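# Structural description and commentary
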Amino acid sequence: MDSSGKPEMEKYRRSIGRWRLLAFVLLLCVLGLLVGIIIISFVKDRQLEDQMTPTCSGKEDINLEEPSDPSVFHDLTAVEVDGLMTYLHSQRSLNLVDPSKARVNNSYVYLAEIYVPPKMKVLDYLDNNGAKPEREAMVTIFRGDRRPPVVEEYLVGPLPKPNHLKEVPGRRKDIPFNLRPLNGPELVAEIVFIEETIHQTLYDLVLESFGGKFRDCGDKCLTMQAPAPFSPAVSGVPLGRKIWYTMLRTIDFLILHPMDFAVLVNFDQDTQNVEVEAVWYNGQSFSTFEELATGYADGSVRKIKVPYPAENDNTFSKMMKRGPEFQEGFKRDPIQFEPDGKRYKIHHNHVEYMGWQFYYRMATVSGPQIYDIRFRNERIAYEISLQEIVVLYSGFKPGQMFPDYFDSCTLIGPQDKGLVPGIDCPAHATFMDTSFVLESSKEPVTFKNTFCLFEQNTGYPLRRHQSYATGYGGYFEGMPNVVLTLRSAFTVVNYDYIFDFIFYQNGVVEVRAMSTGYILATFHTDQEAPYGAQVHDNINGNLHTHLFNFKVDIDIKGKTNRFATWDITPSSRPNDYSAVQNAQYHMTNYSRQVKQTEEDGAYKFNFQAPKYLLFYNEQEKNAYGNPKAYRLVNNGMVKQLFAENEGNEPAASWARYQVAVTQYKESERRSSSAYAYMDSSDPVVQFQSFINNESIVDKDLVAWVTMGLHHIPHTEDLPVTPSPGMGLTFYLLPYNYFPEDPAMASKSSVRIELKDKSKPQDGVRVIKYGPEEEKQCVAKKNSYFDMLKKTSGVIVDDGSGSTAI
């Protein structure tokens, strides 16, 4: 080819290149279009599938509205509170001031809550169609205006339009003012006084020793908190009201940043003044701030210097995610849901579930309570209720040596500031609110999510058996253990407590108490070694004992009950079949012992003498002559080691027993009181007087159940104590009460058996008692963050930014 053809060839090559490029572009477009069609088709298919698969639902019966005609067990309604406060403030003799203006030397309403009517009247109404008892409120008034000042308690009713104010049966008329619970006006006055005085007299000492200040402190602030009551029984001053305050750094969380500095103050009820009685600094005690200041200045006082640390997300006491990852990436936690909707009913404060019925309420002073507990329409217990939470500490420094906390004195009910969905309770739970009448307002104060109610599969069977004996028919039969739980949780300064009432489908009730939250730390020194271990720089985790007391008013087949123990003892019999002459065979047997008096019914566990604890009506027996009973099983027993009748022990004398059984009396409604942390020298409620040798044979009986544990903190308790190992339970179990396990009637059980016993090779049949076909549905969108946003006062950060609620 000559040179004249080269331009044509070049032109041809360029043309071919353009066509190839165009073809490639077209191919990419076609591929993109195809991918788009596939995506659109997939999305449409998913949308269609979602439309075709319904959301899990079913008929539900939940009514949480405040009733116009409340049950005898319902907390005070808004209408009743309005009528109550109007009536009280119209009584000139009470000299009440508005709560917002209340000071220690004023007269003001500290609290008001429903006073459940006497049991006899309630049962006559519930069981015999008798008249509905009048509703009354129990009102506590701090009379700081009187001389001497006192605490007064009244019953006010009938609600909602009261016309009478009378004394509370079985209570003291005037309760000494120094025994009153810690309250807002007093705490504010004392803390401000202490901090201002320290700021003025010990400014240099505090700044040099602890690196911070009480005023104008920037990011290095100090405070005087963690009040530890120094009761009259311990101080030896009958009318004293002494409290130790410890210096803390205001680092999240301040209770883990104590300093070796404390102040003992006394509220003088004659002068209404706060007086300093002792000052503790670096292991040394002084009578006044001035004495300490003088010694610090002249060098006669041993000094200490603890630098103030910077606070960040890695601060050991702060609850922020840190440490090695558990998993690569992130996979969400498993969840449970309700495919057919909720299987329980709630009408105001009444619950029905799988044969169970009960009422619930939140007592202001003592916390969660349930009433009229029935299974298959038979009352098992009239009342099961928390009575008291106590923590007894040990230590060298006064801030840990003297605090014996009785949490009724902080009002347990309002310490339930709200359960968080997805954490405290499953997201599918029903959440209920509670309103309180407190010193801060004439109006009821509503706390959100104080209770939650939910069903859950425990993950283990209620029963199961698998038989391999094909000669008489190999089979499997079992039933999932699905329970209903009523839960509440309380934060009392540093510790958190979770309480459950759990209802099983075989007629069993379980009560559970669980502890978590922050330990109450003390500044570490060598002297603290016998009382606890060092868990971090400068802090000690001190030994303490948790105690929980419950009232269990058991009514088995009526109110006429007996308490008996079936005692297990070692025994032996001649072994006639042994080749050894006079051989014995050793085993155990049991004997039945009906307890005759309250002294006999005060039970202290003895490992050498195991026994069953049974409650029954002697007139109600089964076909085999055994009493139809319920058995009480306490799996949370603890030995309380404090000396009886010494220090603060008399205020918790119920802790001497794992179970104490007494006759029911209206005057013995509670085992403790809101005054317990100060009244141990002469308790307002003297539980030991409940046990006075009266008969408990064929009587209306109450079991007072104590659970607890000893806690020596360790490093894994930082930043907070995990809940595993901190749970305590007791049970009420049917014992010869039913002819067989009542859960045999459940439709949730499954049986797998051979189609033909003689031909195992033919396979098995599966017997289920629910629908033939499994219903397919999409779980309700209980978004974790959406649920959180419904919880008042929560800040939600889902990774895209924080939203204050």
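## Observations regarding the overall build of the chain
The number of helices and strands found in the chain is nine helices and 38 strands. Of the contacts formed within the chain by residues at least 6 apart in sequence, a portion of 66% connects residues at least 24 apart. For the chain, the accessible surface area stands at approximately 39500 Å², while carbon and sulfur atoms represent 52% of it.

## Regarding the pairing of strand β35 (residues 750-754)
Where strand β20 (residues 475-492) and β35 come together, four bridges link them in antiparallel fashion. Counted as the bridge partner of Tyr475 is Glu753 from β35. Where β35 lies against strand β36 (residues 764-768), five bridges are found, and the strand directions are antiparallel. Looking at β36, one finds that Ile752 is bridged to Val766.

## What about the state of the cysteines?
Scanning the entire structure with this criterion turns up three disulfides. Between the sulfur atoms of Cys217 and its disulfide partner Cys221 the distance amounts to 1.9 Å. The chirality of the disulfide connecting Cys217 with Cys221 is right-handed, given an S-S dihedral of about 80 degrees. By relative accessible area, which is 15% here, Cys217 ends up buried. Take Cys221: its relative accessible area is 15%, and that puts it in the buried class. With its disulfide-bonded cysteines labelled consecutively along the sequence, the chain is connected as 1-6, 2-3, 4-5.

## Considerations on the packing of helix α4 (residues 184-201) against helix α7 (residues 289-298)
One can describe the packing of α4 onto α7 by two numbers: an axis separation of 10 Å at closest approach and a directional angle of 30 degrees. By the angle class used here, α4 and α7 are roughly parallel. Two packed elements cross with a definite hand, and for α4 against α7 that hand is right-handed. Of the residues in α7, those in contact with Thr197, Ile198 and Thr201 of α4 are Phe289, Glu290 and Ala293. A per-class count over the contact of α4 with α7 returns three nonpolar, two polar and one charged.

## Examining unusual backbone geometry
Of the consecutive residues Leu159 and Pro160, the connecting peptide bond is found in the cis state with omega at 15 degrees. Within the secondary structure layout, Pro160 lies in the loop between β4 (150-157) and β5 (164-167). Here Leu718 and Pro719 are connected by a cis peptide whose omega angle stands at 0 degrees. Tracing the chain through its elements places Pro719 in the loop between β33 (701-711) and β34 (727-735). Of note, the phi angle at His348 is positive, near 65 degrees, even though the residue is not glycine. Topologically, His348 is positioned in the loop between β12 (345-347) and β13 (350-353). In this structure, Asn449 is a non-glycine residue whose phi angle is positive, near 55 degrees. Turning to its location among the elements, Asn449 is positioned in strand β19 (residues 445-467).

## Description of the sheet that holds strand β25 (residues 539-542)
Hydrogen bonds between backbone atoms are what pair the strands of a sheet, whose relative direction is either parallel or antiparallel. Here three strands make up an open sheet; going across it, the order is β23-β25-β24 and the pairing antiparallel. One side of each edge strand has no neighbouring strand; the edge strands of this open sheet are β23 (521-523) and β24 (532-536). When the angles between neighbouring strand axes are averaged without regard to direction, this sheet yields 45 degrees. The pairing of β23 with β25 spans three bridges and is classified as antiparallel. Its bridge partner being in β25, Thr522 is matched across the sheet by Asn540.

## Considerations on the pairing of strand β10 (residues 273-281)
Here strand β9 (residues 258-268) runs beside β10; their pairing, made up of eight bridges, is antiparallel. Bridge pairing in β10 places Val263 opposite Val279. Remark: two residues form the turn of the hairpin made by β10 and strand β11 (residues 284-286), two consecutive strands paired antiparallel; Asn282 in that turn has positive phi of roughly 50 degrees.

## Examining the sheet that holds β9
What the five strands build is an open sheet, ordered β7-β8-β9-β10-β11; its pairing is antiparallel. Each edge of the open sheet is held by one strand with a lone partner, namely β7 (222-230) and β11. In this sheet, neighbouring strand axes are inclined to one another by 30 degrees on average, regardless of whether the strands run parallel or antiparallel. In the packing of α4 onto the sheet, the strands contacted are β7, β8 (242-249), β9 and β10, and the crossing angle to β7 comes to about 125 degrees. Sheet contacts for α7: β9, β10 and β11; angle to β10, the most-contacted strand, approximately 35 degrees.

## Thoughts on the nonpolar core
Across soluble globular proteins, nonpolar side chains have a tendency to be buried as a group. Within the largest apolar cluster, 156 residues are counted, with the highest numbers of intra-cluster contacts made by Ile198, Phe261, Tyr281 and Ile384. Of all the elements, strand β16 (residues 378-393) adds the most residues to this core, at nine residues. Met85, Tyr87, Tyr154 and Val156 belong to the second largest nonpolar core, which has 18 residues in total.

## Observations regarding the packing of aromatic side chains
Taken as a whole, this structure holds 39 aromatic pairs when the rule is applied. Here Phe73 and Tyr382 contribute two aromatic rings whose centre-to-centre distance is 6.0 Å and whose plane-to-plane angle is 65 degrees, an arrangement assigned as edge-to-face. Here the residue Phe73 occupies a position in the loop between β1 (61-63) and α2 (78-90), and Tyr382 occupies one in strand β16, the gap between them amounting to 309 residues. Given the relative accessible area of 2%, Tyr382 is considered buried. Measuring from centroid to centroid gives 6.0 Å for Trp280 and Phe396, while their planes differ by 70 degrees, and the two rings are edge-to-face.

## Remarks on the environment of Ala228
Within the secondary structure layout, Ala228 lies in strand β7. By relative accessible area, which is 0% here, Ala228 ends up buried. Once residues within four sequence positions are removed from consideration, Ala228 is found in contact with Lys242, Ile243, Trp244, Gly399, Pro403 and Tyr405.

## Overview of the side chain of Ser671
Relative to the assigned elements, Ser671 resides in the loop between β32 (659-663) and β33. By relative accessible area, which is 0% here, Ser671 ends up buried. Engagement of the side chain of Ser671 in a polar contact is seen with the side chain of Asn549, the distance being 2.7 Å. Those residues in contact with Ser671 that sit more than four places away from it in its chain are Gln387, Asn549, Trp654, Val685, Phe687, Phe690 and Trp704.

## A look at the confidence of the model for the chain
Per-chain confidence: the chain averages 89 in pLDDT, with 89% of residues scoring 70 or above. In this model residues 792-805 is a low-confidence stretch, pLDDT under 50, and it forms 21 contacts with partners more than four residues away in sequence or in other chains.

## Things to note about a nonpolar patch on the surface
A cluster of nonpolar side chains, Ile752, Val764 and Val766, forms an exposed patch at the surface whose accessible area comes to about 230 Å². Its place among the elements puts Val764 in strand β36. Among the residues examined, Val764 registers a relative accessible area of 44% and is labelled partly exposed.

Each value, and the rule that gives it
Residues numbered from 1 in each chain as written. Predicted model: local features only at pLDDT ≥ 70, side-chain atom pairs only at ≥ 80, totals over all residues. Heavy atoms only, no water. Helix = DSSP H or I, 4+ residues; strand = E, 2+ residues; numbered from the N terminus. Contact = heavy atoms within 4.5 Å. Areas by Shrake-Rupley, 256 points an atom, 1.4 Å probe, with all protein chains shown as cover. Pairing = 2+ DSSP bridges. Disulfide = S-S within 2.5 Å. Buried < 20%, exposed > 50% of the residue type's maximum accessible area, 1.4 Å probe, protein only. Axes fitted to C-alpha atoms, helices over the stretch in contact; angles between N-to-C directions. Parallel < 35°, antiparallel > 145°, perpendicular 65-115°, else oblique. Left-handed = near helix turned anticlockwise from the far one by under 90°. Nonpolar A, V, L, I, M, F, W, Y, C, P; charged D, E, K, R; others polar. Core = buried A, V, L, I, M, F, W, Y, C linked by side-chain atoms within 4.5 Å. Phe/Tyr/Trp six-rings, centres within 6.5 Å; stacked < 30°, edge-to-face > 60°. Polar contact = N/O pair within 3.5 Å; in protein donor to acceptor, adjacent residues only side chain to side chain. pLDDT = per-residue confidence, 0-100. Patch = residues over 30% accessible without salt bridge, like charges linked within 9 Å, V, L, I, M, F, W, Y side chains within 5 Å. Salt bridge = Lys/Arg side-chain N within 4 Å of Asp/Glu carboxyl O.

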